[in-house]
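So the chains spell out like this:
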Amino acid sequence: MNALPQLQQHLADWVKQGVLRQLDLELLYTLDHLAPEPEPLVWLTTAIVSALYGEGHSSVSLTLLSGQPDALLGVTGSEVNPLPSQLLQGVTPESLQQQLLKSRWCSTQGEAPLTLAGERCYLTRLYRAEALIRTQIGQRLTNAEPVDHDKLNATLAQLFQPQGEESAPDWQKLAVVLALQRRFMIVTGGPGTGKTTTVTRLLAALQQLADKPLHIALAAPTGKAAARLNESMAGALAQLPAGWADSLPRQAQTLHRLLGVKLHHHSFRHHAGRPLVEDVIVVDEASMVDLELMAALMAALKPTARLILLGDKDQLASVEAGAVLGDLCRGAEAGNYSAVTIAQLQPFSDSTLTPWQGEGSAMNQATVMLRHSYRFTGAIGELAIAVNRGEGETVLAQLRQAQQLPDSPIHWVQPTDPGDPQLRRQIMTQLKPFLARIDPTERCDDERALALLQQLSRFQLLCALRQGEWGVSALNRRISGWAKAECGVSGASEWFVGRPVMVLRNNYALGVMNGDVGLTLLNRAGELRVAFKTVGDGECHNTIKWVLPGRLGEVESSYALTVHKSQGSEFNHCALLLPPKESPVLTQELFYTALTRAKEGFTLFAGSEAVIKQCVERRVWRGSGL
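Residues numbered from 1 in each chain as written. Predicted model: local features only at pLDDT ≥ 70, side-chain atom pairs only at ≥ 80, totals over all residues. Heavy atoms only, no water.

A. Structural view of the sheet that holds strand β14 (residues 517-522). Strands sit in the order β16-β15-β14-β13-β17 across an open sheet of five strands; the sheet is antiparallel. This sheet does not close on itself; its edge strands, each paired only once, are β16 (543-547) and β17 (555-557). Within this sheet the neighbouring strands show an average axis-to-axis angle of 40°, counted without direction. The pairing of strand β15 (residues 528-534) with β16 spans five bridges and is antiparallel. Across the sheet, residue alanine 531 finds its bridge partner in β16, namely tryptophan 546. (Pairing = 2+ DSSP bridges. Helix = DSSP H or I, 4+ residues; strand = E, 2+ residues; numbered from the N terminus. Axes fitted to C-alpha atoms, helices over the stretch in contact; angles between N-to-C directions.)

Here's what the structure looks like:
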């Protein structure tokens with residue numbers, strides 16, 4: 001290992017080369033100011049742990065750090081000098097561990113900025129979050145909840161139709177049975193597999209079997225996901241037996257609102273010392289929940305509360321550190337249910353559950369994967385399966401086949417550059433039904449605004465990148481120009497009739513949330529405003545909230561969105577734009593998430609078969625101890 005001054009220069013070079021962030025370097029010098037550290041290995045390890053946190057990792061394996069540091073950081077010799085492997089040549093996990101334990105920067109008890117747990121090194125706040133989640137789940141899975149089988153059978157008979165012995169297990173029904181015997185439960189599955197229907201029936205069963213009214217909360221990571229849950233719940237509640245829906249919630253809220261975010265503080269009003277009053281909490285789109293937010297939620301639960309997580313384990317993980325749902329759902333495809341769990345489930349299943357028995361983890365005993373999709377049955381469903389399996393050649397074959405079928409719901413367009421006329425032609429063809437309804441002089445009432453927002457939601461362009469000529473920012477500028485020309489809008493103002501925008505930060509004062517999409521229109525008074533849909537509860541009609549553009553704060557045009565921002569949404573037709581060169585952000589999860597936003601049609605804009613194959617075959621990996 002090089003002497004400290006030389007290493008410090010290398011680390012500064014790494015910032016210029018994009019290996020580290022300036023923030024990572026500032027952390028090192030701040031720590032050294034508080035507790036001077038002479039050992040270069042400690043500096044290097046801390047820098048890498050911090051950098052990987054920025055990439056979504058909650059911890060770093062010392063074995064990987066010493067053995068495969070270049071792969072861990074995603075760097076090659078053509079772009080970085082010196083390579084991490086050159087700085088760590090001859091270093092073993094044991095020597096790393098010894099140096100860390102000598103340093104005041106690190107402890108094994110969460111008392112220093114870094115924590116060493118076995119052979120994993122954490123930023124301490126992430127170690128605490130992970131430990132809290134592990135402890136909370138363990139406590140909730142320790143004892144099974146008692147269930148009256150006669151009452152349960154009677155309740156299930158009103159919620160589910162009998163299945164024949166030869167049919168596949170009714171996983172929706174089994175999810176309800178399992179959840180009734182747990183204080184922690186995960187229901188995972190792809191789009192259209194009935195997660196919302198399942199949890200609605202579960203909540204109805206819980207309420208029917210309870211000896212008092214339950215206080216139930218519905219939550220989601222973003223305002224858009226909460227609104228989508230409201231819509232789904234409204235349909236599912238209508239299918240319950242008469243009167244069963246009366247005591248169930250109809251309005252979801254964001255997790256931040258549920259926990260009571262403190263403005264200008266990184267804390268919540270509800271915590272272990274002031275827990276939430278709810279008896280049951282349901283969190284939808286749980287794949288979007290990062291490690292620290294999940295820990296904050298679990299810390300705020302009262303000991304007797306039930307927590308139910310819904311989500312697709314194969315979607316993109318959270319923007320911030322952690323892949324909580326994916327980590328907790330490992331092994332869910334095979335079931336891996338113990339003999340005890342099989343004994344709890346088999347009396348309620350007409351078909352045998354023996355094929356799903358195994359030596360799974362405690363989490364497997366509290367997880368049900370829904371396998372049958374009621375939405376994807378054709379070409380889009382087949383493509384989603386191939387993507388999820390990482391079968392690059394199969395995906396390419398299906399795309400080529402779709403090109404030969406004029407009626408296929410899948411389209412593959414191969415643009416050569418961002419200004420390619422066929423890219424503009426395809427995007428504008430999809431946007432034209434919306435743009436044709438935009439009149440720059442029309443004054444709109446709520447009904448008209450709702451109709452235009454509905455038309456806008458029929459198509460969405462998604463991008464893998466945010467910046468660069470193939471990114472969201474550049475595409476939005478380009479499409480804005482096309483749209484203004486199409487609608488006859490003049491002037492250079494960024495605010496114009498027909499401009500769709502997405503909110504980038506929660507604004508509780510205005511009642512608009514991160515991820516909400518609004519449409520710029522003239523209201524009935526002829527004033528330029530942004531119209532946002534407020535979702536009814538199944539009994540109330542949807543209404544419009546009109547907001548002055550200048551009050552919105554952070555927004556961006558939403559003709560194009562990142563795939564991350566699309567989570568929790570569905571569109572009749574969805575398009576994904578991939579850049580022509582390989583990038584670490586191009587992953588199987590990104591492709592799958594974009595594809596499964598589409599209900600009827602999907603267009604892939606990608607000029608390189610190699611990029612498509614790389615995207616399908618590369619999985620997101622995040623270091624974690626969960």
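Picking up where we left off.
B. Highlighting the domain arrangement of the protein chain. Taken domain by domain, the protein chain comprises domain 1 (4-118), domain 2 (169-369) and domain 3 (379-617). Averaged C-alpha coordinates put domain 2 and domain 3 at centres separated by 29 Å. Facing the 27 residues of domain 2 at the interface are 30 residues of domain 3. Both faces considered, domain 2 and domain 3 share a buried interface measuring about 2,300 Å² in area, 52% of it formed by carbon and sulfur atoms. In terms of surface lost to domain 3, no three residues of domain 2 exceed Lys224, Asp314 and Leu316, which account for 31% of the buried area on that side. (Domains from an automatic or database assignment. Contact = heavy atoms within 4.5 Å. Buried area = accessible area lost by both parts, 1.4 Å probe.)

C. Spotlight on the pattern of salt bridges. For the structure shown, the criterion picks out 18 salt bridges. Across the pair arginine 21 and aspartate 24 runs a salt bridge whose closest N-O atoms are separated by 2.7 Å. The partly exposed category is assigned to arginine 21, whose relative accessible area is 31%. Measuring nitrogen to oxygen at the nearest pair gives 3.9 Å for the salt bridge that ties glutamate 494 to arginine 499. When its relative accessible area of 53% is taken as the criterion, glutamate 494 is described as exposed. By relative accessible area, which is 6% here, arginine 499 ends up buried. A network of salt bridges, in which partner residues are shared, links Arg228, Glu231, Lys533 and Glu570. (Salt bridge = Lys/Arg side-chain N within 4 Å of Asp/Glu carboxyl O. Buried < 20%, exposed > 50% of the residue type's maximum accessible area, 1.4 Å probe, protein only.)

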